[in-house]
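Examining the three-dimensional arrangement
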Amino acid sequence: MSMKKGVSRGIFSNEAGLGTGSIAHACADTQKPVKQGFFGIFEVFVDTIVICTMTALVILCSGVSIGYGEAAGAELTINGFTSTAFGSFGSIFIAICMLFFAFSTILGWGLYGTRCIEFLFGSKVNKPFMVLYSLVAIVGATMDLGLMWSIAETFNGLMAIPNLLAVFLLSGVVVKLVKEYFENEGKK
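What this report covers is the structure whose coordinates are included nearby.

Rules used throughout
- In this convention, every chain numbers its residues from 1, walking through the sequence in written order.
- Since the coordinates come from a predicted model, pLDDT governs what is reported: local features require at least 70, and pairs of side-chain atoms require 80 or more to be given and counted, while whole-chain, interface and lining totals use all residues.
- Note that the side-chain values use all heavy atoms of the structure and ignore hydrogens as well as water.
- Note on geometry: axes are C-alpha line fits, over the in-contact stretch for helices, and angles between N-to-C directions span 0 to 180 degrees.
- Helix numbering and strand numbering both begin at the N terminus, where a helix is a DSSP run of H or I of at least 4 residues and a strand a DSSP run of E of at least 2.
- Oblique is the label for any angle not under 35 degrees, not over 145, and not in the 65 to 115 range, which are roughly parallel, roughly antiparallel and roughly perpendicular in turn.
- Take the far helix as your reference; a near helix turned counterclockwise from it by less than a right angle gives a left-handed crossing, and one turned clockwise gives a right-handed crossing.
- Residues are treated as being in contact if the distance between any of their heavy atoms lies within 4.5 Å.
- Excluding any residue in a salt bridge, patches collect residues exceeding 30% relative accessible area, merging like charges within 9 Å and nonpolar Val, Leu, Ile, Met, Phe, Trp and Tyr side chains within 5 Å.
- The Shrake-Rupley method, run with a 1.4 Å probe sphere, supplies the accessible areas, and residue values consider only the shown protein chains as cover.
- Should a side-chain nitrogen of Lys or Arg be within 4 Å of a carboxyl oxygen of Asp or Glu, the pair is scored as a salt bridge.
- Partly exposed describes any residue whose relative accessible area lies between the buried limit of under 20% and the exposed limit of over 50%, with all areas from a 1.4 Å probe on protein chains only and scaled to the type maximum.
- Think of it this way: a Phe, Tyr or Trp ring, Trp meaning its six-membered ring, pairs with another when their centres are within 6.5 Å, and the plane angle makes it stacked under 30 degrees, edge-to-face over 60, tilted otherwise.
- To estimate the expected span of a helix, subtract one from its residue number and multiply by 1.5 Å.

A short note on the packing of helix α3 (residues 33-62) against helix α4 (residues 74-82)
Put simply, α3 and α4 touch, their axes get as near as 8 Å, and they point 65° apart. One element, α3, and the other, α4, form an angle in the roughly perpendicular class. When you trace α3 past α4, the crossing you get is left-handed. Seen from α3, the contacting residues are Thr55, Val58, Ile59 and Ser62; seen from α4, they are Leu76, Thr77, Gly80 and Phe81.

Some thoughts on a nonpolar patch on the surface
Among the surface-exposed residues, Phe42, Phe45, Ile49, Val50, Ile51, Met54 and Leu57 lie close enough to one another that they form a single nonpolar patch of about 660 Å² accessible area. Within the fold, Val50 resides in helix α3. Judged by its relative accessible area of 36%, Val50 is partly exposed.

Brief notes about the side chain of Thr77
Mapping Thr77 onto the fold places it in helix α4. Using a relative accessible area of 17% as the deciding quantity, one classes Thr77 as buried.

Thoughts on the packing of aromatic side chains
Applying the stated rule across the entire model yields 6 aromatic pairs. Ring geometry for Phe38 and Tyr181: centres 6.0 Å apart, planes at 65°, overall edge-to-face. You can see Phe38 sitting in helix α3 and its partner Tyr181 sitting in helix α8 (residues 171-187), a full 143 residues away along the chain. Relative accessible area serves as the criterion here: at 34%, Phe38 is assigned to the partly exposed category. Members of the aromatic cluster, each reached through a chain of ring pairs, are Phe38, Tyr181 and Phe182.

A few points about the environment of Arg115
As for its position among the elements, Arg115 is in helix α5 (residues 88-121). On the accessibility criterion, Arg115 (44% relative accessible area) is partly exposed. Along the chain, Arg115 and Asn126 lie 11 residues apart, while their C-alpha atoms are 8.4 Å from each other.

With respect to the pattern of salt bridges
According to the stated counting rule, one finds 3 salt bridges in the structure shown. With a shortest N-O distance of 3.2 Å, Lys32 and Glu185 are connected by a salt bridge. With a gap of 153 residues between them, Lys32 in the loop between α2 (20-26) and α3 and Glu185 in helix α8 connect regions that are remote in the sequence. By relative accessible area, which is 29% here, Glu185 ends up partly exposed. Close ionic contact of Glu118 with Arg115 constitutes a salt bridge, the shortest N to O distance being 3.1 Å.

Re α5
With 34 residues, α5 extends 49 Å from end C-alpha to end C-alpha; this agrees with the ideal 50 Å at 1.5 Å per step. When α5 is considered as a whole, its buried residues turn out to be Gly90, Ile94, Gly108, Gly110, Tyr112, Gly113 and Thr114. Against the buried residues of α5 lie α2, α4 and α6 (126-142). Gly122 sits one or two residues past α5 and shows a positive phi near 95°.

Right, dumping it as structure tokens:
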């Protein structure tokens, strides 16, 4: 259960394997796609290894009671940060971080969805999609947290299937581009 929850939250946190990061990186103005790919790898590393590990260490070192089997969300993180040296500033800090994270996630996923819908159906469906997306965001913010996580995990899993298939099919191209990149970088 720990493994399942850890993997699903990790995927939600850094979107690795979902294909959404590639939409943002495809917008980059670069002549070296491999270098842009390294930026994507670095993002996943910083988010997962640095930020998530530091958060987990703060919680584990704080001595806060962790109710196994219970939904551990923002409350656990806030309790961990407030019971350490951060004191009451910890809850303010976490609230500000969550505000920025949630807001940027809502905007980013709205953009990703708009681009995907536009690719499939043309630009005339952008406005109806954004209206529907806004309504779904409101419903998601007011619904039961457990149900919301289950829906998010299900759709993340469904997004990962075609993306991982595409990654597998394009792996030969990636290997070729990486070899060329390192051969050219070595000559400089």
